[in-house]
Amino acid sequence: MNPILHETLAIVGWSFLGSVAIGVVAALLLKWPITVTYMLSVLTIGPTLAIMRGRDRSRDRLELGERAGVELLAIVILLGIGWLANHYLGI
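So, a few notes on the structure that sits alongside this text. (Residues numbered from 1 in each chain as written. Predicted model: local features only at pLDDT ≥ 70, side-chain atom pairs only at ≥ 80, totals over all residues. Heavy atoms only, no water.)

Of note, the phi angle at Lys31 is positive, near 60°, even though the residue is not glycine. Assignment of secondary structure puts Lys31 in the loop between helix H1 (3–30) and helix H2 (34–53). (Helix = DSSP H or I, 4+ residues; strand = E, 2+ residues; numbered from the N terminus.)

Counting 10 residues, the largest nonpolar core consists of Ile11, Val12, Tyr38, Val42, Leu49, Ala50, Leu62, Val70, Ala74 and Leu78. Those elements that provide at least two residues to this core are H1, H2 and helix H3 (64–89). (Core = buried A, V, L, I, M, F, W, Y, C linked by side-chain atoms within 4.5 Å. Buried < 20%, exposed > 50% of the residue type's maximum accessible area, 1.4 Å probe, protein only.)

Moving on to the side chain of Ser41. Structurally, the position occupied by Ser41 is in helix H2. Residue classification places Ser41 among the buried positions, given a relative accessible area of 5%. Within polar-contact distance, the side chain of Ser41 engages the backbone oxygen of Thr37 at 2.8 Å. (Polar contact = N/O pair within 3.5 Å; in protein donor to acceptor, adjacent residues only side chain to side chain.)

Mapping Met1 onto the fold places it in the segment before H1. Exposure remark for Met1: the relative accessible area of 70% places this residue in the exposed category. Setting aside its immediate chain neighbours within four residues, Met1 contacts His6 and Leu9. (Contact = heavy atoms within 4.5 Å.)

For the pair H2 and H3, interaxial distance at closest approach is 10 Å and the crossing angle is 165°. By the angle class used here, H2 and H3 are roughly antiparallel. As for the relative orientation of H2 and H3, their crossing is right-handed in sense. On H3, the residues touching Thr35, Tyr38, Met39, Val42, Leu43, Gly46, Pro47, Ala50 and Arg53 of H2 are Arg67, Glu71, Ile75, Leu78, Leu79, Ile81, Gly82, Trp83 and Asn86. (Axes fitted to C-alpha atoms, helices over the stretch in contact; angles between N-to-C directions. Parallel < 35°, antiparallel > 145°, perpendicular 65-115°, else oblique. Left-handed = near helix turned anticlockwise from the far one by under 90°.)

On to H1. For H1, built from 28 residues, the straight-helix expectation of 40 Å at 1.5 Å per residue is met to within 8% by its first-to-last C-alpha distance of 39 Å. Lining the buried residues of H1 we find H2 and H3. Where H1 starts, the residue carrying a side-chain oxygen 3.1 Å from the main-chain nitrogen of Ile4 turns out to be Asn2. Two residues or fewer past H1, Lys31 is found with a positive phi of approximately 60°. (Expected span 1.5 Å × (residues − 1).)

What follows is the structure, encoded as structure tokens:
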């Protein structure tokens, strides 16, 4: 599999799961809106995960610019998912 696609899927998958979990827990316990909590979580979990995955530059399969591009693409995908969920599901 292409390393850029692999990293994009990994960051999107883990960020999505983490952001949804935080959004649901905050909605249930603190009565916060799921969409707002999801969006804020996406903007914090995604970059943190990208930094953690690319921390060891000697073993990283991606160049620094490619890693930055993967993170930007992942954030756009995740924000798009959040926007679509808010727009069509109203959550």
